[in-house]
Amino acid sequence: MNSFPIVVIGAGPAGLSAAIEAAKAGAKVLVIDENLKPGGQLFKQIHKFFGSRVHKAGVRGMDIGRQLLEETKNLGIEVWLDTEVCGIDQTKNIWAIRNKDTSVNIRAEKVIVASGATENAVRFPGWTLPGVMGAGAAQTMINTNHVLPGKKILMVGSGNVGVIVSYQLLQAGAEVVGIIEAAPQLGGYGVHTAKVRRAGVPFYTAHTIKRAMGDHCVAGAEIVGLDAGWNPIPGTEKVLKIDTICLATGLTPLTELAWIAGCEFTYIPELGGHVPIHDLHMESTVKGIYIAGDISGVEEASTAMEEGRLAGISAAADLGCYTAEEKRKRTLEIWDHLNALRCGQFGQKRRDAKDRILAVGKEMISWAVHV
Amino acid sequence: MTRICEHPILGDLTGVDQVTIIVDGKPYPAHEGEMIAAALLANDIKTFRYTAHQHRPRGIYCGIGRCTDCIMTVDGIPNIRTCITPVRDGMVIETQYGVGEWKRGDHHE
């Protein structure tokens, strides 16, 4: 039986940040990830991040990934890759499959679940054709695998993922034929949106996709205008000649492991759906199980890293690595960072949604010490 | 050719070792260590499998190993997620029909 004081599930920005903070506090940490490489989705994010200097603004996601891996290595944190967690019970006994062929049990005193999120699908006739894919999948193909998924792209969704991936598709040499947005206004940050617009990409607001055309793979797309009630307006159909349809229609937290572990959930649509209820320290309703990053509500890598740090500090402190006063001080510091990231036109909505989770957490997590 | 050889941020794609993969009996070039799905796209192959009942074509969808839309039969084993499985020189990759067929290994293991 393997035994670790702290086990972190997921080696993305939240998980690595959690492991680094816990290790810095002196706790022995194991990080588990199902992928062959650590870093989660950071290495495909080749754009510069937002925020202030303390949040590594102006640094590309892929470089932040390298920094996190460097720190993980320097702290001697054990990382098991190609290890898929299949179950966690309430006594924090973890069952995983290593290298796709070996079943292992791991006993943990504290578990931090940083499992991330998955892209949403939109269903329309032809949506299963080869050539229809998640915008993140296209991003993985171009930035991680150096391969274009197609040459003429229709992007569905004008949020940050839609406009950032559109720009990266242009950088990689593809043509983005259009970006459609069902809402009457665009959804992404102005700076990303403007870059794509300056590059000449047409935006179609109040439009949705009616169908993907093609027998064996995507050969075109029919789009249609929407009225104020989101209903298609007959006669406004338009056929675009494209070979790839990318769906940037939001993400859903990957919560299976938290459900299995017995965590209580609350439904917060602005953050992607069902999320585990948690307190200010990222502890779930199961004592000793913490969550961080997109599983606790879909946001950005910068907030995921801060939440990871919160979870790492809390888990280490609860093992006795920090005094209550130290824990309080560090927790407040990170909340200052999080509040700074969750402000402005886009951030405030996420902050309000997060406050709703914390309010439920306050009710439900009886042992939580509120700072 | 859909390989991205020059890129303003990622730089130029150089110093990559070439390997050969066999797709439905035909040899194709691939880059050592890249994912099967990427190698197939680089060779303009977009259909990876056909569904069991309606025989509909499927290709990559999520690209990160979650959706299982991109599964193929690889070295005789069906249902391999090609977006997260790296190529190997001489790897035999086959379009999968339905749930596929075990050609190697013991599936009762």
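All figures in this text were calculated on a predicted structure; none of them were measured in a lab.

Facing 40 residues of chain A, the contacting portion of chain B comprises 29 residues. For the pair chain A and chain B, the summed buried area comes to about 3,000 Å², and 60% of that belongs to carbon and sulfur atoms. The interface formed by chain A and chain B includes one salt bridge. Note that B:Arg66 is salt-bridged to A:Glu34, the shortest N-O span being 3.1 Å. For the pair chain A and chain B, the number of links is four residue pairs in polar contact (both at pLDDT 80 or more). The element best represented in the side of chain A that touches chain B is helix H3 (residues 135-144) of chain A, accounting for five residues.

Quick look at the side chain of A:Arg350 now. Residue and element names in this part refer to chain A. Its place among the elements puts Arg350 in helix H9 (residues 344-364). Here the side chain of Arg350 touches Glu299 through a polar contact of 2.6 Å, side chain to side chain. Not counting residues within four places of it along the chain, the set of residues in contact with Arg350 comprises Tyr189, Leu271, Val298, Glu299, Glu300, Thr303, Leu341 and Arg342.

Residue and element names in this part refer to chain A. Evaluation of the coordinates by the stated rule reveals five aromatic pairs over all chains. Between the aromatic rings of Phe4 and Trp80, the centroid separation amounts to 6.2 Å while the plane-to-plane angle is 90 degrees, which identifies the pairing as edge-to-face. Remark: Trp80 occurs in strand S3 (residues 78-80) and Phe4 occurs in strand S1 (residues 2-9); sequence separation between them is 76 residues. Just as Phe4 is buried, Trp80 falls in that class too. For the ring pair Trp259 and Phe265, a centre distance of 3.5 Å and an interplane angle of 5 degrees mean the geometry is stacked. Among the residues examined, Trp259 registers a relative accessible area of 46% and is labelled partly exposed. Phe265 sits in the buried class, given a relative accessible area of 13%. The ring centre of Trp127 lies 6.0 Å from the NZ or CZ of Arg123, which sits over that ring.

Let us look at the sheet that holds strand S2 (residues 26-31) of chain B. All names here are of chain B. If you walk across this open sheet you meet the five strands as S2-S1-S7-S5-S6, and the pairing is mixed. Two strands bound the open sheet, and with one partner strand each, they are S2 and strand S6 (77-81). The average angle at which neighbouring strand axes cross in this sheet is 40 degrees, direction not considered. As paired strands, strand S5 (residues 71-74) and S6 are joined by three bridges and run antiparallel to one another.

Quick look at the pattern of salt bridges now. Residue and element names in this part refer to chain A. Scanning the model with the defined rule gives 21 salt bridges over all chains in all. Where Arg342 meets Glu299, a salt bridge forms, and the shortest distance between an N and an O atom there is 2.7 Å. In this pair, Arg342 sits in the loop between helix H8 (324-341) and H9 while Glu299 sits in the loop between strand S19 (289-291) and helix H7 (301-318), placing the two residues 43 residues apart along the sequence. Side by side, Arg342 and Glu299 carry an identical accessibility label, which is buried. The closest approach of N and O atoms between Glu306 and Arg309, which form a salt bridge, is 3.1 Å.

Take empty space enclosed by the protein next. The full count for this structure, using the stated rule, is two cavities of 30 Å³ or more. Around the largest cavity, the lining residues are A:Pro130, A:Gly131, A:Met133, A:Pro149, B:Leu41, B:Lys46, B:Phe48, B:Gly59 and B:Ile60. Of the residues that constitute the lining of the largest cavity, the class distribution is six nonpolar, two polar and one charged. Here the second largest cavity defines a volume of roughly 30 Å³.

What follows concerns the packing of H7(A) against H8(A). All names here are of chain A. Relative orientation of the contacting elements H7 and H8 amounts to 170 degrees, with a least axis distance of 10 Å. On the basis of the axis angle, H7 is roughly antiparallel to H8. Counted together, Ser302, Thr303, Glu306, Glu307, Arg309, Leu310, Ile313, Ser314, Ala317 and Asp318 of H7 and Lys327, Arg330, Thr331, Ile334, Trp335, His337, Leu338 and Leu341 of H8 form the full contact between these two elements. Among the residues making up the contact of H7 with H8, the classes are represented as seven nonpolar, five polar and six charged.

Conventions adopted
- Residues numbered from 1 in each chain as written.
- Chains lettered and ligands numbered in written order.
- Predicted model: local features only at pLDDT ≥ 70, side-chain atom pairs only at ≥ 80, totals over all residues.
- Heavy atoms only, no water.
- Contact = heavy atoms within 4.5 Å.
- Buried area = accessible area lost by both parts, 1.4 Å probe.
- Salt bridge = Lys/Arg side-chain N within 4 Å of Asp/Glu carboxyl O.
- Polar contact = N/O pair within 3.5 Å; in protein donor to acceptor, adjacent residues only side chain to side chain.
- Helix = DSSP H or I, 4+ residues; strand = E, 2+ residues; numbered from the N terminus.
- Phe/Tyr/Trp six-rings, centres within 6.5 Å; stacked < 30°, edge-to-face > 60°.
- Buried < 20%, exposed > 50% of the residue type's maximum accessible area, 1.4 Å probe, protein only.
- Lys NZ or Arg CZ within 6 Å of the ring centre and 35° of its normal.
- Pairing = 2+ DSSP bridges.
- Axes fitted to C-alpha atoms, helices over the stretch in contact; angles between N-to-C directions.
- 1 Å grid on protein atoms, 1.4 Å probe; cavity = no way out; pocket = protein on both sides within 12 Å on 5 of 7 lines; lining within 4 Å.
- Points joined across faces, edges and corners; volume = space filled by probe spheres on them.
- Nonpolar A, V, L, I, M, F, W, Y, C, P; charged D, E, K, R; others polar.
- Parallel < 35°, antiparallel > 145°, perpendicular 65-115°, else oblique.

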